Amino acid sequence: MFTGLIEATGRVRGLDPVAGGQRVTIETDLAPQLALGDSVATNGVCLTVVALTADTWSADVSPETLRVTSLGTLRPGGFVNLERPLAVGSRLGGHFVQGHVDGTGQVESVTPEGEFYRVRISYPPALAAYFIEKGSVAVDGISLTVAALADRTFDVQIIPHTWTATTLRHAGPGTTVNLECDMVGKYVLRSLSLGTTRA
């Protein structure tokens with residue numbers, strides 16, 4: 001379980017094929033704080049540490065994950081958002097993020113507003129029911145608030161700290177991003193779809 005508060009960014013050092021999937025190696029200052037078997041949210045995707053060096057860690061990415069997330073578009077030298085799991089007793093500063101991506105979206109526009117930025121993102125029709133204005137969404141693992149909502153797009157307002165501390169500063173029109181909708185909303189909609197009521 002994660003919070004969507006990004007701890008660091010990393011640079012993709014290597015991409016190597018493994019048994020139908022891919023091993024990704026990421027260079028980051030977080031590497032010395034990791035251990036084999038740890039989970040790390042990488043652009044919002046929960047990955048497992050399978051190898052470590054002094055300044056890098058590696059994870060094996062399955063064919064399914066490569067297909068349904070933006071990790072399949074990673075290239076050497078690219079940047080990723082990183083977050084370690086929420087520790088028991090820690091404050092929850094963002095919102096509950098599982099690291100299970102619901103789909104990908106596309107950045108439609110990035111508009112400066114003073115020191116802030118407004119980013120418009122299009123999303124798949126299948127996710128429409130999970131978005132509400134002022135609700136939470138994880139974009140490449142970043143906990144953000146839906147500032148405006150339309151039929152196929154939503155806007156988020158990015159504060160200066162988030163802009164400089166995450167990969168959003170590298171985003172532009174056409175950039176593919178991972179989307180994870182609010183977990184609570186998904187459970188509520190699932191319950192309603194089944195007609196679940198209390199006896």
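On a predicted model such as this, the values are computed, not experimentally measured, just so you know. (Residues numbered from 1 in each chain as written. Predicted model: local features only at pLDDT ≥ 70, side-chain atom pairs only at ≥ 80, totals over all residues. Heavy atoms only, no water.)

### A word on the sheet that holds strand β5 (residues 51-52)
How we decide: When DSSP finds two or more bridges between two strands, those strands count as paired. Where helices and strands are cited, they refer to DSSP runs of H or I of at least four residues and of E of at least two residues respectively, numbered from the N terminus.
The antiparallel open sheet is built from seven strands, whose spatial order is β4-β3-β7-β1-β2-β6-β5. The open sheet has two free edges, formed respectively by β4 (45-48) and β5, since each of these has just one partner strand. Sheet topology note: the strand β2 (residues 21-27)/strand β6 (residues 56-61) ladder contains six bridges and is antiparallel. Note on β6: the bridge partner recorded for R23 is D60.

### Side note on the pattern of salt bridges
Inclusion rule: One side-chain nitrogen of Lys or Arg within 4 Å of one carboxyl oxygen of Asp or Glu is enough to make a salt bridge. Residue burial is assigned from relative accessible area. The probe radius is 1.4 Å, only protein chains are included, and a residue is buried under 20% of its type maximum, exposed over 50%, and partly exposed in between.
What the rule picks out here adds up to eight salt bridges. A salt bridge links R120 to D155, with the nearest nitrogen and oxygen atoms 2.7 Å apart. One end of the pair, R120, is in strand β9 (residues 116-122); the other, D155, is in strand β12 (residues 153-158), and 35 residues separate them in sequence. Classification of R120 by relative accessible area gives partly exposed; the value is 38%. The class of D155 is buried, set by a relative accessible area of 4%. Among the ionic contacts, a cluster of salt bridges with common partners joins E113, R118, R120 and D155.

### Structural notes on the packing of aromatic side chains
What counts is decided by this rule: Side-chain rings of Phe, Tyr and Trp, where Trp is taken by its six-membered ring, are said to pair if the distance between their centres is within 6.5 Å; with planes under 30 degrees apart they count as stacked, over 60 as edge-to-face, and otherwise as tilted.
Counted under the stated rule, the structure contains four aromatic pairs. Connected via pairs of aromatic rings, a cluster forms that spans Y123, F131 and F154.

### Structural notes on the pairing of strand β11 (residues 142-149)
Here is the key point about a regular strand: its side chains alternate between the two faces of the sheet. Judged from the four bridges that link them, strand β10 (residues 136-139) and β11 form a sheet pairing that is antiparallel. Its bridge partner being in β11, V137 is matched across the sheet by L144. Linking β10 to β11, which pair antiparallel, is a turn of two residues; within it D140 sits at a positive phi near 50 degrees. Two strands pair when backbone bridges link them, and β11 and β12 are joined in this way by three bridges, in the antiparallel orientation.

### Observations regarding the sheet that holds β12
Let me state the cut-off plainly: Only C-alpha atoms enter the line fits that serve as axes; for helices the fit covers just the stretch in contact. Angles between N-to-C directions range over 0 to 180 degrees.
Read once around its circumference, the closed barrel built from six strands follows the order β8-β9-β12-β11-β10-β13, with strand pairing classed as antiparallel. Here the average twist between neighbouring strands, direction ignored, is 45 degrees. Pairing of β9 with β12, which is carried by six bridges, proceeds in the antiparallel orientation. Note that in β12 the partner of I121 across the bridge is F154.

### Examining unusual backbone geometry
Residues other than glycine seldom take positive phi values, yet N43 does so here, at roughly 50 degrees. Inspection of the secondary structure assignment puts N43 in the loop between β3 (39-42) and β4. A positive phi angle, close to 50 degrees, is found at D140, a residue other than glycine. Positionally, D140 belongs in the loop between β10 and β11.

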